[in-house]
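# Observations on the three-dimensional arrangement
In case you want the letters, here they are:
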Amino acid sequence: MPKDSPKDAAKKGAKKDVKAKADKSVAPVKKAIEKKPKEKKGGKDVKKGAVGRVQLTRRDKYGPLFDARPRKCHIGQDLKKRNHTDLTRFVRFPRYIRIQRQRKILSKRLKVPPPINQFNHTLPKARTLELFKLLKQYRPETREKKKKRLLRWAKLRAQGKRKPSYKKTQQYIKFGINNVTSLVEKKRARLVVIANDVDPIEVVVWLPALCRKMEIPYVIVKSKSTLGTLVHRKTASCIALTQFKHHHKESFKSIVTLAKEKFNDNTDIRKKWGGGRIGVQSLAKRAKREKQIAAEQLVLKSTKK
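A few points on the structure.

Analysis parameters
- Residues numbered from 1 in each chain as written.
- Predicted model: local features only at pLDDT ≥ 70, side-chain atom pairs only at ≥ 80, totals over all residues.
- Heavy atoms only, no water.
- 1 Å grid on protein atoms, 1.4 Å probe; cavity = no way out; pocket = protein on both sides within 12 Å on 5 of 7 lines; lining within 4 Å.
- Points joined across faces, edges and corners; volume = space filled by probe spheres on them.
- Helix = DSSP H or I, 4+ residues; strand = E, 2+ residues; numbered from the N terminus.
- Nonpolar A, V, L, I, M, F, W, Y, C, P; charged D, E, K, R; others polar.
- Contact = heavy atoms within 4.5 Å.
- Buried < 20%, exposed > 50% of the residue type's maximum accessible area, 1.4 Å probe, protein only.
- Polar contact = N/O pair within 3.5 Å; in protein donor to acceptor, adjacent residues only side chain to side chain.
- Phe/Tyr/Trp six-rings, centres within 6.5 Å; stacked < 30°, edge-to-face > 60°.
- Lys NZ or Arg CZ within 6 Å of the ring centre and 35° of its normal.

Our next topic: the layout of surface pockets. By volume, the largest pocket amounts to about 1,100 Å³. Lining the largest pocket are 32 residues, with Arg103, Lys104, Ser107, Asn120 and Asn196 sitting closest to its centre. Going through the elements one at a time, α3 (95-109), β5 (111-112), α4 (114-117) and β10 (274-275) are the ones with two or more residues in the lining of the largest pocket. Among the elements that take part in the lining of the largest pocket, α3 stands out by supplying eight residues, more than any other. When grouped by side-chain class, the residues that make up the lining of the largest pocket number eleven nonpolar, nine polar and twelve charged.

Have a look at this one:
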């Protein structure tokens with residue numbers, strides 16, 4: 001065959017280069033079209049390597065994030081439907097709560113002597129609200145107010161002026177068992193308010209008897225924490241009022257008459273014993289026993305006849 005001239009050889013080489021470039025640009029498109037979808041076995045993605053080995057997925061290799069733990073609703077294990085289950089019997093309450101509950105139950109079951117039982121008789125709710133509404137207007141000054149007052153007096157003193165008259169025994173509530181006791185003994189207290197939940201009760205158990213002896217009206221109210229809010233403290237066992245404003249005379253008089261009627265002159269409170277109440281389970285047992293005895297008596301009567 002005749003050989004190609006150098007010109008023809010150059011033209012053929014250029015054509016081959018163009019064809020090779022075109023093939024390279026089309027190759028990825030062809031691969032994408034020809035690519036087959038992944039095969040699935042048992043609901044999991046399976047990838048095949050060059051040699052045909054099955055490659056494990058991340059889930060197969062490392063396992064799930066949270067393992068499946070089916071519930072076992074046997075004794076001492078999982079509980080059924082929490083929305084419909086009362087879990088209070090399964091809760092381990094703190095020791096102080098358990099002691100509170102046990103003490104309350106014991107005070108119902110055991111016989112309680114009158115001096116302690118009198119603290120179960122408190123002022124009615126409506127009259128208690130009326131009393132606290134009056135006492136709120138006799139709250140002692142806070143630390144911030146006292147600080148401001150002393151600063152004001154210091155400025156007046158620096159200017160050479162006379163400070164205003166201020167009595168320490170102003171129309172404020174007195175609190176603290178020692179302070180209240182001394183006021184009662186000196187007959188300076190006009191009204192004494194005692195909390196019913198003081199612990200230990202021996203702190204205030206003798207105070208009603210002292211108030212009766214000194215002829216000072218007293219009332220027993222619920223919650224030492226409520227008394228504490230009146231004097232800017234967490235709790236207060238008792239408080240006393242020594243003076244009252246002129247425009248509160250009528251409301252104060254009505255509370256005093258109620259106190260004398262309900263507590264000072266009430267002899268039933270001083271004689272009445274508390275407790276001695278039987279529990280639900282004991283009542284059920286007693287009823288069952290009585291039922292059995294009644295059935296046995298019926299059998300005896302029928303045999304005699």
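Back to the text.
Let us look at the environment of Glu185. Inspection of the secondary structure assignment puts Glu185 in helix α7 (residues 177-185). Separated by 29 residues in the primary sequence, Glu185 and Met214 have C-alpha atoms spaced 7.1 Å apart. When sequence neighbours within four positions are dropped, the list of residues in contact with Glu185 reads Leu210 and Met214.

All right, on to the environment of Arg212 then. With respect to the helices and strands, the residue Arg212 is situated in helix α8 (residues 207-213). A residue is classified by how much of its surface remains accessible, and Arg212, at 23% relative accessible area, is partly exposed. Separated by 51 residues in sequence, Arg212 and Phe263 place their C-alpha atoms 8.9 Å apart. With residues near it in sequence (within four places) discarded, Arg212 still touches Gln118, Tyr218, Asn264 and Arg270. A distance of 3.0 Å separates the side chain of Arg212 from the side chain of Tyr218, its partner in a polar contact.

On to the packing of aromatic side chains. The geometry of two aromatic rings is summed up by the distance between their centres and the angle between their planes. Per the stated rule, a full pass over the model turns up two aromatic pairs. Measuring from centroid to centroid gives 5.8 Å for Tyr218 and Phe263, while their planes differ by 50°, and the two rings are tilted. Here the residue Tyr218 occupies a position in strand β8 (residues 218-221), and Phe263 occupies one in helix α10 (residues 249-264), the gap between them amounting to 45 residues. Pair check on accessibility: Tyr218 and Phe263 agree, each one buried. Here Phe244 and Phe252 contribute two aromatic rings whose centre-to-centre distance is 4.4 Å and whose plane-to-plane angle is 20°, an arrangement assigned as stacked. Here Phe244 and Phe252 have matching classes, each one buried. Sitting over the face of the ring of Phe93, Arg101 holds its NZ or CZ atom 4.4 Å from the ring centroid. Its end group placed over the ring of Tyr138, Lys245 keeps NZ or CZ at 5.5 Å from the ring centre.

These results come straight from atomic positions and should not be treated as a statement about function.
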